Amino acid sequence: MSAPRVSIIIVTWNALPLLKQCLPSVVATDYPNLEIIVADNASTDASAAWVEQTFPQVQVVRHPQNWRFCKGNNRAVPYATGDYIVLLNNDVEVPLGWLDPLVDTFEQDAAIGAAQPKMLQYDNRDRFEYAGGAGGFIDRVGYPFTRGRLFDTMERDRGQYDTPTDIFWASGAAIMMRRSTLQQVGLLDERFDMHMEEIDLCWRMQRAGYRIRYVPDSEVYHIGGASLPKEHPEKTYLNFRNSLLMLYKNLPPHAWSRTFAERILVDTGAAAQKLAQGQPRHAAAIVRAYADAHRMRASFRQATGGHVVHPPYRRFVALDYFALGRRTFADLPTECFHPAHSSSVGKRAINM
């Protein structure tokens, strides 16, 4: 049988050095039925021209302006012809055979809607990477974390997460999705712009009855921070604003009020911490995130139809980390994970 077709979409904006560094590895991928699409967000550094001249086999889609991550990817999807669609950051290097384990995972289980590889640091390849690690989760108020990374603590890869398992979200830096699943649940929510959009999408997939999978036999190497550095207040703003909107969209209405009240308390602590650390602009970004999330909420519908899917970790991960000193995923109490995800610790149409 012929190999299923895979389409890789790489959104880029004024990142020619990163393309030169990482795109050659993507082009060299050892997979027999592959197309690569570079979606250029109106770069002014000749990125599109360089790709066309250097790799004529790569399709270049030129967007008329900087549509950032969500819209940039969504508007490139119509050009993709694959059975599976991979969103890959422009700062990710891949080894030759990284795609095969991902495709095999999908081919063996029709209930899988999205999957991610093991994500390691580009410059330190025995340590997990911030954006995805070994698969993502959220706590009871929507704070994200990954196996291999809690807040700023990134574990060394000692093989502790080398068993394939279900996760709550797959990192948008390197995520493979089934085309038919996207046709059912919709693409990335463009109102998010960037950040948290892949968690929202994975949550919608689970509400539609699909599962999200971590595939350790595939691994990639992520530079990180290319789109928006961690120290930039805009990153704080987008993370907090979009997390609130994601909760509002995907929680059952009866759970929203309680979760929002708890979230206010946790975010008040986060803002106070930023002030104590001498980061008033980040504290202000959290306040602005609340104001804008409240304003934007009118354009969102709360979860209706499909499965009820609650956040998988029933505790507050910030409390565990900062107050109780639990620095790794293995330190989190197993019994506090939803039963559907408890195995990850020890070792189906949805409204937009």
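Here, every reference points to the structure presented above.
Being a predicted model, the structure only gives us computed values, none of them experimental. (Residues numbered from 1 in each chain as written. Predicted model: local features only at pLDDT ≥ 70, side-chain atom pairs only at ≥ 80, totals over all residues. Heavy atoms only, no water.)

This part covers the pattern of salt bridges. In this structure the tally under the stated criterion is 21 salt bridges. The salt bridge involving R191 is made with D189; its shortest N-O contact spans 2.9 Å. Judged by relative accessible area, which is 28%, R191 ranks as partly exposed. The exposure class of D189 is buried, given its relative accessible area of 2%. Two residues, R315 and D320, come together in a salt bridge whose shortest N-O distance is 2.7 Å. Exposure remark for D320: the relative accessible area of 0% places this residue in the buried category. (Salt bridge = Lys/Arg side-chain N within 4 Å of Asp/Glu carboxyl O. Buried < 20%, exposed > 50% of the residue type's maximum accessible area, 1.4 Å probe, protein only.)

A few words on helix α9 (residues 280-296). Spanning 17 residues, α9 covers 24 Å between terminal C-alpha atoms, matching the ideal 24 Å at 1.5 Å per step. Where α9 is concerned, the buried positions are H282, A283, A285, I286, A289, Y290, D292, A293 and M296. Those residues of α9 hidden inside the fold are in contact with α7 (233-250) and α8 (253-276). (Helix = DSSP H or I, 4+ residues; strand = E, 2+ residues; numbered from the N terminus. Expected span 1.5 Å × (residues − 1). Contact = heavy atoms within 4.5 Å.)

If you check which residues of helix α2 (residues 47-54) are buried, you get S47, A48, W50 and V51. Each buried residue of α2 lies within a common arc of 165° when the element is viewed along its axis, so the set occupies one face. (Arc of directions from axis to C-beta.)

Any two aromatic rings considered together are summarised by their centre-to-centre distance and by the angle between their planes. On inspection of all chains with the given rule, the structure shows 20 aromatic pairs. The interplanar angle of 45° and the centroid separation of 5.0 Å between the aromatic rings of Y84 and F106 together place this pair among those described as tilted. Residue Y84 is located in strand β4 (residues 84-88), and its partner F106 is located in helix α4 (residues 99-108); the two are separated by 22 residues in the primary sequence. Residue class for Y84 comes out buried when judged on its relative accessible area of 2%. (Phe/Tyr/Trp six-rings, centres within 6.5 Å; stacked < 30°, edge-to-face > 60°.)

On to the pairing of strand β1 (residues 6-12). Most of β1 is tucked away, with seven of its seven residues classed as buried. Where burial is concerned, the two faces of β1 agree: the one with V6, I8, I10 and T12 and the one with S7, I9 and V11 are both buried. Two elements, β1 and β4, share four bridges in a ladder whose sense is parallel. Across the sheet, V6 pairs through a bridge with Y84, a residue of β4. In this structure, β1 lies alongside strand β2 (residues 34-40), joined through seven bridges in parallel fashion. Paired with V6 across the two strands is L34, which belongs to β2. For the handedness criterion, the β-α-β arrangement of β1, helix α1 (residues 16-27) and β2 is classed as right-handed. (Pairing = 2+ DSSP bridges. Right-handed = clockwise from strand over helix to strand, strands pointing away.)

Attention shifts here to the packing of α7 against α8. For the pair α7 and α8, the least separation of the axes is 11 Å and the interaxial angle reads 165°. With respect to their mutual orientation, α7 and α8 come out roughly antiparallel. Our pair here, α7 against α8, has a crossing hand that is right-handed. Where α7 approaches α8, its residues F240, S243, L244, L247 and Y248 are matched on the opposing element by W256, T259, F260, R263, D267 and A270. In terms of residue class, the contact of α7 with α8 is built from seven nonpolar, two polar and two charged. (Axes fitted to C-alpha atoms, helices over the stretch in contact; angles between N-to-C directions. Parallel < 35°, antiparallel > 145°, perpendicular 65-115°, else oblique. Left-handed = near helix turned anticlockwise from the far one by under 90°. Nonpolar A, V, L, I, M, F, W, Y, C, P; charged D, E, K, R; others polar.)

The buried fraction of β4 amounts to five of the five residues, a majority that puts the element mostly inside the structure. Burial along β4 is two-sided: Y84, V86 and L88 facing one way and I85 and L87 facing the other are all buried. Of the pairings in the sheet, the one linking β4 to strand β12 (residues 174-178) comprises five bridges and is antiparallel in character. Of the residues in β12, the one forming a bridge with Y84 is R178.

On the surface, D30, D83, D100, D104 and E107 cluster together to form a negatively charged patch. Topologically, D83 is positioned in the loop between α3 (68-74) and β4. Under the relative-accessibility criterion, D83 is labelled partly exposed at 43%. (Patch = residues over 30% accessible without salt bridge, like charges linked within 9 Å, V, L, I, M, F, W, Y side chains within 5 Å. Areas by Shrake-Rupley, 256 points an atom, 1.4 Å probe, with all protein chains shown as cover. Lys, Arg positive; Asp, Glu negative; His and termini not counted. Charge placed at Lys NZ, Arg CZ, Asp CG, Glu CD.)

Moving on: the side chain of D91. With respect to the helices, strands and loops of the structure, D91 is situated in the loop between β4 and β5 (92-93). Among buried charged residues, D91 stands out as having no salt bridge; its nearest opposite-charge side chain is K235, 9.2 Å away. There is a polar contact of 3.0 Å between the side chain of D91 and the side chain of H222. (Polar contact = N/O pair within 3.5 Å; in protein donor to acceptor, adjacent residues only side chain to side chain.)

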